[in-house]
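Report on the structure
For reference, the chains in residue letters:
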Amino acid sequence: MKSIVILISGRGSNMEAIVRAAIPGARIAAVISNRPDASGLAFAAAHGIATSVVDHKAFADREAFDAALAEAIDAHRPDLVVLAGFMRVLGDGFVRRYEGRLMNIHPSLLPAFPGLHTHRRALRAGVRVHGATVHFVTPALDSGPMVIQAVVPVLPGDDEAALAARVLAQEHRIYPQAVRWFVEDRLTIAGEQVRVRDEAASAAGWTVPALDPSPGGGC
Ligand code: GRF
């Protein structure tokens with residue numbers, strides 16, 4: 001059984017998708033937020049998952065916050081730490097401590113549009129496709145070996161909210177898929193790339209996320 005700790009800062013819909021996926025061989029040991037008012041905490045608690053808050057405002061600097069966060073995480077001895085809408089930049093030391101077992105989801109087709117306001121910037125740039133990326137975290141912001149990406153069209157008349165919603169629906173498919181692959185020991189980091197053992201790709205070359213077997217699920 002692999003133990004997973006999920007870090008959130010707000011709504012936590014990606015965390016919810018991972019919990020609902022009920023991945024065989026995985027146990028969500030804890031959901032930790034840096035914000036006491038993160039609405040995702042209620043969902044986690046209602047599902048019997050341990051929750052805690054490490055409020056960044058209570059610490060004098062990033063090092064102190066990172067140290068407290070690492071302590072809270074390590075109490076659960078996780079195999080994997082999942083950043084799911086976690087809105088704090090983590091220091092190099094923290095990232096190295098969890099090297100190869102720290103994942104993030106970013107709402108763009110990396111390496112395009114790292115940083116904030118990705119949907120607004122995609123619309124402004126006039127790209128025809130946009131999407132989301134799950135990647136292992138390295139010290140540089142929104143970079144690191146990519147595990148899976150999902151592509152969506154940018155449609156005429158899209159505004160930021162419409163595009164964000166289209167991308168988010170795909171995030172909820174690919175993040176559980178990436179976690180499932182990790183839990184199944186199918187991911188190998190080779191330099192800047194991730195190899196996925198026995199990846200199921202369609203005839204068109206697209207990765208086909210596994211269907212959620214839990215009743216009422218489907219992400
Ligand atoms: C998602 O779009 C994620 O890609 C980004 O922040 C958003 C978090 O949403 N990093 P949620 O908290 O998972 O609902």
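These numbers were taken from a predicted model, which means no experiment stands behind them. Sequence order as written defines the numbering, with residues in each chain counted from 1. A pLDDT threshold of at least 70 governs which residues receive local features in this predicted model, and a stricter bar of 80 or more applies before side-chain atom pairs are shown or counted, although totals over entire chains, interfaces and linings include all residues. With hydrogens and water stripped out, all remaining heavy atoms of the structure feed into the side-chain values.

1. Re the domain arrangement of the protein chain
Inclusion rule: All domain edges in this entry derive from an automatic or database-based domain assignment. Only heavy atoms matter for contacts: two residues are in contact if any of them lie within 4.5 Å across the pair. The buried area of a pairing is the accessible area, by a 1.4 Å probe, that goes missing from both parts when the two are put together, added over both. Salt bridges are identified by distance alone: a Lys or Arg side-chain nitrogen within 4 Å of an Asp or Glu carboxyl oxygen. Counted as a polar contact is a pair of N or O atoms within 3.5 Å, where, for protein atoms, one must be capable of donating a hydrogen and the other of accepting one, and residues adjacent in sequence contribute only when both atoms are in side chains. Think of it this way: any DSSP run of H or I at least four residues long counts as a helix, any run of E at least two long counts as a strand, and we number them from the N terminus.
For the protein chain, the assigned domains read domain 1 (1-98) and domain 2 (106-135 + 146-219). Using C-alpha coordinates to define each centre, domain 1 is positioned 21 Å away from domain 2. The interface of domain 1 with domain 2 comprises 20 residues on the first partner and 14 residues on the second. Broken down residue by residue, the surface that domain 1 buries against domain 2 is led by K2, N14 and I23, which jointly contribute 34%. At the boundary of domain 1 and domain 2, one finds one salt bridge. Linking D185 and K2 is a salt bridge whose minimum nitrogen-to-oxygen distance equals 3.1 Å. For the pair domain 1 and domain 2, the number of links is five residue pairs in polar contact (both at pLDDT 80 or more). Going through the elements one at a time, β1 (2-8), α1 (13-20) and β4 (80-83) are the ones with two or more residues in the side of domain 1 that touches domain 2.

2. Here we look at the side chain of H135
How we decide: Under the scheme applied here, a residue whose accessible area is under 20% of the maximum for its type counts as buried, over 50% as exposed, and between as partly exposed, the area being computed with a 1.4 Å probe on protein chains only.
Relative to the assigned elements, H135 resides in strand β6 (residues 129-136). In this structure H135 comes out as buried when scored by relative accessible area, which is 1%. Here the side chain of H135 touches S143 through a polar contact of 3.0 Å, landing on its backbone oxygen. Leave out the neighbours within four places in its chain, and H135 touches L102, M103, N104, H106, L110, D142, S143, G144, P145, M146 and V147.

3. Some remarks on the site of the ligand
This is how it is decided: Working definition: residue near molecule or strand if any one of its non-hydrogen atoms lies within 4 Å of it. Exposure was quantified through the Shrake-Rupley algorithm and a 1.4 Å probe, taking into account, for residues, occlusion by the shown protein chains and nothing else.
Taken together, the neighbourhood of the ligand is formed by R11, G12, S13, N14, G85, I105, P107 and E171. Within the contact set of the ligand, an oxygen atom lies 2.9 Å away from a backbone nitrogen or oxygen of N14. Across the complex, the protein chains shield 85% of the 370 Å² of accessible surface that the ligand would expose by itself.

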